[in-house]
Amino acid sequence: MLFSHPADFTPVCTTELGRIAVHKNEFCKRNVKICALSCDKLQAHTDWVNDIKSYCRDIPGDFPYPIISDDTREIAVKLDMLDERDRDNEDTAMTVRALYIIDPEKRLRLSMVYPTSTGRNVDEILRVIDSLQLTDRLKVVATPANWVPGDKIMILPTVKDEDLPKLFPKGVDKVSMPSGINYVRTTTDY
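Here is what the cut-offs are and how they apply
Residues numbered from 1 in each chain as written. Predicted model: local features only at pLDDT ≥ 70, side-chain atom pairs only at ≥ 80, totals over all residues. Heavy atoms only, no water. UniProt positions renumbered as here; feature names shortened; annotations may be inferred. Core = buried A, V, L, I, M, F, W, Y, C linked by side-chain atoms within 4.5 Å. Buried < 20%, exposed > 50% of the residue type's maximum accessible area, 1.4 Å probe, protein only. Helix = DSSP H or I, 4+ residues; strand = E, 2+ residues; numbered from the N terminus. Contact = heavy atoms within 4.5 Å. Pairing = 2+ DSSP bridges.

The chain is annotated in an unreviewed UniProt entry as 1-Cys peroxiredoxin from Nezara viridula. Listed under Sequence similarities (unreviewed entry) in UniProt, the entry text for the chain is "Belongs to the peroxiredoxin family. Prx6 subfamily."

So this is what it looks like as structure tokens:
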């Protein structure tokens, strides 16, 4: 997971980097490596990390992930992480709250961009990672809106009804739809 933030020593960014640090073990359980990117200088990161740890006192031990110093904005430009309004102004261009989930094959699996005024939801990031890992493992399912681990998952319409007992021996729920097309099939057998 690679994510950018607008600037060091800012309040919302402090909470975000702190909450991601607090949840480091949750990312580790999912085998996810974390890396932040900022257009500030390396020394600023070092000083700011002390502030983050002071504000987010529940960060265990040392700060758990690196912050890339991209003070030339070269990486931010290549990865399209700059605010559109100031993109061409080197003095004011800031990175947006971009977040990329990149899989082990180095494919982009998720791209989230939040406005600078809104902090990210770490639980949502973990939820999406859980969904990606589940659907990669089972390949014939998808997760519905607001899904969290343990909730019902959706079986893809490409799966034939006759294959359901073999794939999901603990059962499948079929939902009758007014259209007469029974494409909504769910299960908790995963």
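A. Up close: the nonpolar core. Within the largest apolar cluster, 30 residues are counted, with the highest numbers of intra-cluster contacts made by M1, F3, L17, F27, F63 and Y65. Broken down by secondary-structure element, the contributors of at least two residues to this core are helix 1 (11-22), helix 3 (42-55), strand 4 (97-102), strand 5 (108-114) and helix 5 (122-138). Every residue in contact with F63, bar those within four places of it in the chain, is listed here: L17, A21, V49, I52 and K53. Formed by 10 residues, the second largest nonpolar core is a distinct cluster that contains C35, L37, C39 and V96.

B. Inspection of the pairing of strand 5 at higher detail. Pairing analysis gives 6 bridges linking strand 4 to strand 5, with the strands arranged antiparallel. Within strand 5, the residue paired with R97 across the bridge is Y114. Hairpin remark: strand 4 followed by strand 5, antiparallel, with 5 residues in the connecting loop; positive phi at K106, about 65°.

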